[in-house]
Amino acid sequence: MQKEKLREVRKRKGITQQQIADIIATDVSNYSRKESGDVGIRKEEWEKIARFLEVPVEEIYEEEDFRQINHFDNINSSSGFGNNINGNFYCNVPEFLLESQRELIEFLKKENKRLEAELTALKKKR
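What counts and what doesn't
Residues numbered from 1 in each chain as written. Predicted model: local features only at pLDDT ≥ 70, side-chain atom pairs only at ≥ 80, totals over all residues. Heavy atoms only, no water. Helix = DSSP H or I, 4+ residues; strand = E, 2+ residues; numbered from the N terminus. Phe/Tyr/Trp six-rings, centres within 6.5 Å; stacked < 30°, edge-to-face > 60°. Buried < 20%, exposed > 50% of the residue type's maximum accessible area, 1.4 Å probe, protein only. Axes fitted to C-alpha atoms, helices over the stretch in contact; angles between N-to-C directions. Parallel < 35°, antiparallel > 145°, perpendicular 65-115°, else oblique. Left-handed = near helix turned anticlockwise from the far one by under 90°. Contact = heavy atoms within 4.5 Å. Nonpolar A, V, L, I, M, F, W, Y, C, P; charged D, E, K, R; others polar. Arc of directions from axis to C-beta.

**Observations concerning the environment of K3**
Here's step 1: Its place among the elements puts K3 in the segment before helix 1 (4–12).
Here's step 2: Separated by 60 residues in sequence, K3 and E63 place their C-alpha atoms 8.8 Å apart.

**Re the packing of aromatic side chains**
A ring pair, where both rings are aromatic, is described by two values, the distance of the centres and the angle of the planes.
Here's step 1: For the structure shown, the criterion picks out one aromatic pair.
Here's step 2: On the basis of an interplanar angle of 70° and a centroid distance of 5.0 Å, the ring pair of W46 and Y61 is categorised as edge-to-face. Of this pair, W46 sits in helix 4 (residues 43–53) while Y61 sits in the loop between helix 5 (57–60) and strand 1 (70–71); the two residues are 15 residues apart in sequence, bridging distant segments of the chain.
Here's step 3: Look at Y61 and you get partly exposed, because its relative accessible area is 30%.

**Focus on the packing of helix 1 against helix 4**
Here's step 1: The geometry of helix 1 relative to helix 4 is characterised by a closest axis approach of 11 Å and an angle of 30° between their N-to-C directions. Here helix 1 is positioned roughly parallel relative to helix 4, judged by the angle of their axes. Regarding helix 1 and helix 4, the two cross each other, and that crossing is left-handed. Residues L6, V9 and R10 of helix 1 pack against W46, I49 and L53 of helix 4.
Here's step 2: By residue class, the composition of the contact of helix 1 with helix 4 is five nonpolar, no polar and one charged.

**Re helix 4**
Here's step 1: Residues of helix 4 that are buried include every one of E45, W46, I49, A50 and L53, and no others. One side of helix 4 holds all its buried residues, which, seen down the axis, span an arc of 135°. Structural note: helix 4 exposes K43 and R51 on the side pointing more than 90 degrees away from its buried face.
Here's step 2: Where the residues of helix 4 are buried, they touch helix 1, helix 2 (17–23), helix 3 (28–36) and helix 5.
Here's step 3: Phi for E54, located one or two positions after helix 4, is positive at around 60°.

Structure follows, in structure tokens:
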């Protein structure tokens, strides 16, 4: 289900999808999928977005329309697990696993920045 209320407020305030994506620490294509209803928006994301837009959550929040999407049309009998499958799969991954991956990504981003700074400092010493 498209997030019409969110989209309307965002556009009215002249905010881009990229700006919202930056606020919730995702890429713009993932945020676009969230706004179009293909990907769910987590509670803490709703809260961050509302704060950024300077509106109450209730002004932009819309219920999630959960649906499981499976495109198995292109699978033939010779396709097996691990083989090249032409279908698209959308898996329902538990939120705690997604959150641990998000935390790992954030940690790795910080570590990357730290290492880049260290490398720059070492280059300057030459």
